[in-house]
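# Chain and residue survey
The residues making up each chain are set out below.
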Amino acid sequence: MPHILLLGATGYIGGSVLDRLLKIQKPDITISVIVRDSDKAKKLATTFPGLDVHNKPYEDHQLLVDLASRADVVFNCVKISTSLYHNIISSLNITGQCR
Ligand SMILES: NC(=O)c1ccc[n+]([C@@H]2O[C@H](COP(=O)([O-])OP(=O)(O)OC[C@H]3O[C@@H](n4cnc5c(N)ncnc54)[C@H](OP(=O)(O)O)[C@@H]3O)[C@@H](O)[C@H]2O)c1
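Residues numbered from 1 in each chain as written. Predicted model: local features only at pLDDT ≥ 70, side-chain atom pairs only at ≥ 80, totals over all residues.

### Side note on the environment of lysine 79
How we decide: Put simply, DSSP H or I for four residues or longer makes a helix, DSSP E for two residues or longer makes a strand, and each gets a number counted from the N terminus. Exposure classification rests on a simple neighbour count of other C-beta atoms within 10 Å of a residue's own: a residue reaching 20 or more is buried, one at 12 or fewer is exposed, and one in between is partly exposed. C-beta atoms are placed from the backbone.
Its location among the elements puts lysine 79 in the loop between strand S4 (73-76) and helix H4 (82-95). Judged by C-beta crowding, with 10 C-beta atoms within 10 Å, lysine 79 ranks as exposed. In this structure the C-alpha to C-alpha distance between lysine 79 and leucine 5, which are 74 residues apart in sequence, comes to 16 Å.

### Thoughts on the site of the ligand
Put simply, the rule reads: We count a residue as near a molecule or strand when its backbone-placed C-beta atom lies within 6 Å of that partner.
The environment of the ligand is made up of 14 residues, and the closest members are Thr10, Gly11, Tyr12, Ile13 and Lys79. The dominant element in the shell around the ligand, judged by the number of residues it contributes, is helix H1 (residues 12-24), at 3 residues.

### Observations concerning the nonpolar core
Our working rule: Joining buried Ala, Val, Leu, Ile, Met, Phe, Trp, Tyr and Cys residues through C-beta atoms within 7 Å gives a set, and that set is a nonpolar core.
One finds Leu5, Leu6, Leu7, Val33 and Ala68 to be the most contacted residues of the largest nonpolar core, which totals 23 residues. Counting only elements with at least two residues in this core, the list comes to strand S1 (3-7), H1, strand S2 (30-34), helix H3 (61-70), S4 and H4.

### Topic: H1
The cut-off we apply is this: By this rule, a helix spans an expected 1.5 Å times one less than how many residues it contains. What counts as a contact here is a pair of residues whose C-beta atoms, placed from the backbone, lie within 7 Å.
With 13 residues, H1 extends 19 Å from end C-alpha to end C-alpha; this agrees with the ideal 18 Å at 1.5 Å per step. For H1, the elements touching its buried residues are S1 and S4.

### Brief notes about the pairing of S2
Along a regular strand, successive side chains alternate from one face of the sheet to the other. Here is the rule we go by: We treat two strands as partners when DSSP finds at least two bridges between them. A crossover counts as right-handed when, viewed with the strands pointing away from the observer, the path leading from the first strand over the helix to the second turns clockwise.
Here S2 lies mainly inside the structure; 4 of its 5 residues are buried. Where S1 lies against S2, 5 bridges are found, and the strand directions are parallel. Considered in S2, the bridge of histidine 3 is made with threonine 30. The pairing of S2 with strand S3 (residues 52-54) spans 3 bridges and is classified as parallel. From the neighbouring strand, serine 32 faces S3, where its bridge partner is aspartate 52. What joins S2 to S3 is helix H2 (residues 38-47), and the crossover it makes is right-handed.

Here you go:
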């Protein structure tokens, strides 16, 4: 079952990517998102019931590793600081998803 991990789904670019993904979504595709803000996470989960929403900070390295290791494709649309960048990229490197 194809699994997509989208980072930054609440942003301008990430929101557009999510919109595109949902339009082409087939029933067997899982789309996971990580959202740091609880209100935004609830809104996304309510608006898109099939979305796999994780309300966690991007500093949660283990969550990133777990989700990235299960994903076939990762879209990183987060506006990131240098430290966050290293956390995200190292997670993707560990799981072999950094392309
Ligand atoms: N917009 C453009 O036309 C454009 C063009 C070329 C390149 N880019 C690049 O694309 C990236 C995204 O741009 P954008 O316009 O979509 O930005 P944006 O609308 O400000 O969205 C930023 C996204 O990153 C998340 N984010 C930022 N800091 C975070 C943190 N510390 N922890 C967790 N999540 C964090 C935001 O989450 P919250 O909702 O929780 O804040 C949001 O989902 C940027 O690197 C930008 O430079 C943008």
